[in-house]
Amino acid sequence: STPWTNSIPQVAPYGQRQQVPELSLPISSARIRGPAMRQPREVTSFSYDESRNLHFDDSSLSYFYLLQDDVTASGGIDLSAGYSVFNKRDDTVDEHLDGLLLALVDLEKRTGKKTTGDIITWRGIVTKLLCLPYSMNEGFELNAVWFDKQLFIEENLPYKLATQRPPDQRSELMSYWGYKFEQVSTIPKPWNECSRQEIESRSQNPVSNFAQYCSVVKTGLGDVRMVIAGEVDCAWDYKPDPKDNIDNDPKLFDNPLDHYVELKTNRVIQSDRDASAFENKLLRVWAQSFLLGVPKAIIGFRTDQGYLQTFEEFETQKIPGIVKKSKYANQYTKWDGVDALAFLAASLRWLKTMIPRAEENVVWRIRYLPRSDYLTLSKTDQHSFLHTEFVKWRSE
Ligand code: 0WD
Ligand code: CA
């Protein structure tokens, strides 16, 4: 393996530094070997409805329902159907960490306990760090703030909006195919609670991406504990009722995370090049599912014209091995899950130690410039992005 894998970055705890610390972390040498990922545990969940209102329940959770025969018999399902009536959320609206923080207020009011963890953020942010050693063409900016002895991290949306190239018609359509696939492969209630009518008409309504179901999990890597929230596309069968889990015997525990599924679409694989592109894409699929403890991804394969041809299940834990053994991806593009996790461990520890925890409510900017060798950190004069209701609750 590579020479840097055993080198631990020289990051002294902030308080021990006399000089202004060099606030940068080298991507290619920052590796902490071996810290174990804690098994994620769901602490709560919440839903956005069709009007983007929040509910602290599972109302927007969907359930997988798609038969291979339905896909094959029709000669492929047209994923462009209904594109002209797509109800698309305006993603230039900055929601910060609002949904997650309000769900924590709800949880903490119910249980009377503060949710512990060093870092609180969206799963998508952690995915970016986990994939960074193999996604060095994509820049990003994050904002971070210490509050109530916890480090909150969000995406710096203005940077994203200013740097993303305006989507062309083709990529808009392709992203619609992803949402359409979610619609044709899910039903709003578990199968045994759905009428035939509900099942058969599931793809009749206009597609919308307003409604979302999110799971909030506690997890951790090395000595950094995290609370992360991420969107879960659907449950495979059902979600266990917490009331059925009051028995504290771990052997009897029906873990809600075990039932979750990530949905994705990909072009049908017809060449070695397609296979290698797919294996690169599996990095993100693995990363986002792994972080939340989602055991299964279902990939819908579609033609270049957007016709769904087939779908296939991938076990999250088997994805790194599939890519490692494959002959398609070459040694330069091949990713390694262990190395990606080693970088994540180093970067989380770096953030936790380098952002001065005594300075609460000061916003720090974390930057990765495309193709650069470093993650960097700088102080801003912005005010905290945390929802006022959360701040008020935690200040009581
Ligand atoms: O940096 C992020 N991840 C952001 C997340 C930036 C701004 C907003 N959000 C919100 C999302 O709207 C959602 O409410 O955070 C919540 C959960 O996000 P996540 O699970 O952390 O997001 P990520 O892991 O990046 O993406 C998961 C899915 C995507 O599906 P695919 O299969 O393409 O990975 O969440 C959706 C998207 O469908 N998604 C969004 N939908 C609308 N607007 C957005 C967005 N800004 N970000 C992710
Ligand atoms: Ca998805």
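Anything mentioned here points back to the structure above.
Residues numbered from 1 in each chain as written. Chains lettered and ligands numbered in written order. Predicted model: local features only at pLDDT ≥ 70, side-chain atom pairs only at ≥ 80, totals over all residues. Heavy atoms only, no water.

### Overview of the coordination of the calcium ion (ligand 2)
Ideal donor angles around a metal are set by the shape: a four-donor tetrahedron calls for 109.5 degrees, a six-donor octahedron for 90 or 180 degrees.
Working step 1: All of the protein donors around the calcium ion (ligand 2) are D233 (OD), E262 (OE) and L263 (O); their distances to the metal are 2.4 to 2.5 Å.
Working step 2: On the primary sequence, the residues serving as donors to the calcium ion (ligand 2) are separated as D-x28-E-L. Taken together, the positions of D233 in the loop between β11 (224-231) and β12 (234-235) and E262 in strand β13 (residues 260-267) put the pair 29 residues apart, joining distant regions of the chain. One exposure class covers both D233 and E262, and it is buried. (Donors = N, O, S within 2.8 Å, 3.2 Å for Na, K, Ca; no water. Helix = DSSP H or I, 4+ residues; strand = E, 2+ residues; numbered from the N terminus. Buried < 20%, exposed > 50% of the residue type's maximum accessible area, 1.4 Å probe, protein only.)

### Comments concerning the pattern of salt bridges
Working step 1: Evaluated as defined, the whole model comprises 25 salt bridges.
Working step 2: In this structure, D274 and R267 form a salt bridge, with 3.8 Å as the shortest nitrogen-oxygen distance.
Working step 3: The exposure class of D274 is buried, given its relative accessible area of 13%.
Working step 4: On the accessibility criterion, R267 (36% relative accessible area) is partly exposed.
Working step 5: The structure contains a network of salt bridges with shared partners spanning E108, K114, D148 and R394. (Salt bridge = Lys/Arg side-chain N within 4 Å of Asp/Glu carboxyl O.)

### Observations concerning the packing of helix α3 (residues 123-131) against helix α9 (residues 337-354)
Working step 1: Viewed as axis vectors pointing N to C, α3 and α9 meet at an angle of 120°, and their least axial separation amounts to 7 Å. Between α3 and α9, the angle falls in the class oblique. Of the two possible hands of crossing, α3 and α9 adopt the one that is right-handed. On the side of α3, the interface is formed by V126, L129 and L130, while α9 contributes A340, L341, F343, L344, S347, L348 and L351.
Working step 2: Residue classes in the contact of α3 with α9 are distributed as 9 nonpolar, 1 polar and no charged. (Axes fitted to C-alpha atoms, helices over the stretch in contact; angles between N-to-C directions. Parallel < 35°, antiparallel > 145°, perpendicular 65-115°, else oblique. Left-handed = near helix turned anticlockwise from the far one by under 90°. Contact = heavy atoms within 4.5 Å. Nonpolar A, V, L, I, M, F, W, Y, C, P; charged D, E, K, R; others polar.)

### Observations concerning the side chain of S289
Working step 1: Relative to the helices and strands, S289 is located in helix α7 (residues 272-292).
Working step 2: For S289, a relative accessible area of 1% puts it in the buried group.
Working step 3: At 2.8 Å, the side chain of S289 forms a polar contact with the backbone oxygen of V285.
Working step 4: Beyond its immediate stretch of four places on either side in the chain, S289 contacts R123, E262, V294 and T316. (Polar contact = N/O pair within 3.5 Å; in protein donor to acceptor, adjacent residues only side chain to side chain.)

### What about the site of ligand 1?
Working step 1: For ligand 1, the set of nearby residues contains 19 residues, the closest of which are R123, G124, Q212, E231 and R284.
Working step 2: A distance of 3.5 Å separates an oxygen atom of ligand 1 from a polar atom in the side chain of Y48.
Working step 3: Separating a nitrogen atom of ligand 1 from a side-chain N or O atom of R89 is a distance of 2.9 Å.
Working step 4: For the shell around ligand 1, the secondary-structure elements that each account for two or more residues are α3, β11, β13 and α7.
Working step 5: When grouped by side-chain class, the residues that make up the shell around ligand 1 number 6 nonpolar, 4 polar and 9 charged. (Near = heavy atom within 4 Å.)

### Some details on the packing of aromatic side chains
Working step 1: Here the structure, examined in full by the defined rule, presents 16 aromatic pairs.
Working step 2: Geometrically, the ring pair formed by F64 and W236 is stacked, given 5.5 Å between the ring centres and 20° between the ring planes. Residue F64 is located in strand β4 (residues 63-64), and its partner W236 is located in the loop between β12 and β13; the two are separated by 172 residues in the primary sequence.
Working step 3: By relative accessible area, F64 is classed as buried at 10%.
Working step 4: Here W236 falls in the partly exposed class, since its relative accessible area comes to 33%.
Working step 5: Between Y83 and Y176, the aromatic rings sit 5.1 Å apart at their centres with planes inclined by 55°, giving tilted as the arrangement. With Y83 in the loop between β5 (77-78) and α2 (98-111) and Y176 in helix α5 (residues 169-184), the pair connects residues that are 93 residues apart, well separated along the chain.
Working step 6: Among the residues examined, Y83 registers a relative accessible area of 32% and is labelled partly exposed.
Working step 7: A relative accessible area of 0% means that Y176 is categorised as buried. (Phe/Tyr/Trp six-rings, centres within 6.5 Å; stacked < 30°, edge-to-face > 60°.)

### Regarding the pairing of strand β6 (residues 119-122)
Working step 1: For β6 and strand β8 (residues 150-155), the ladder comprises 3 bridges, and the chain directions are parallel. Counterpart to I120 in the pairing with β8 is F152.
Working step 2: In terms of strand pairing, β6 meets β11 through 4 bridges, oriented parallel. Each bridged residue has a counterpart across the sheet, and for T121 the counterpart in β11 is I228. (Pairing = 2+ DSSP bridges.)

### A closer look at the environment of L107
Working step 1: Within the secondary structure, L107 sits in helix α2.
Working step 2: Residue L107 is classed as buried on the basis of its relative accessible area of 9%.
Working step 3: Distance in space between the C-alpha atoms of L107 and Q150 is 17 Å, their sequence separation being 43 residues.
Working step 4: Every residue in contact with L107, bar those within four places of it in the chain, is listed here: V43, T44 and T115.

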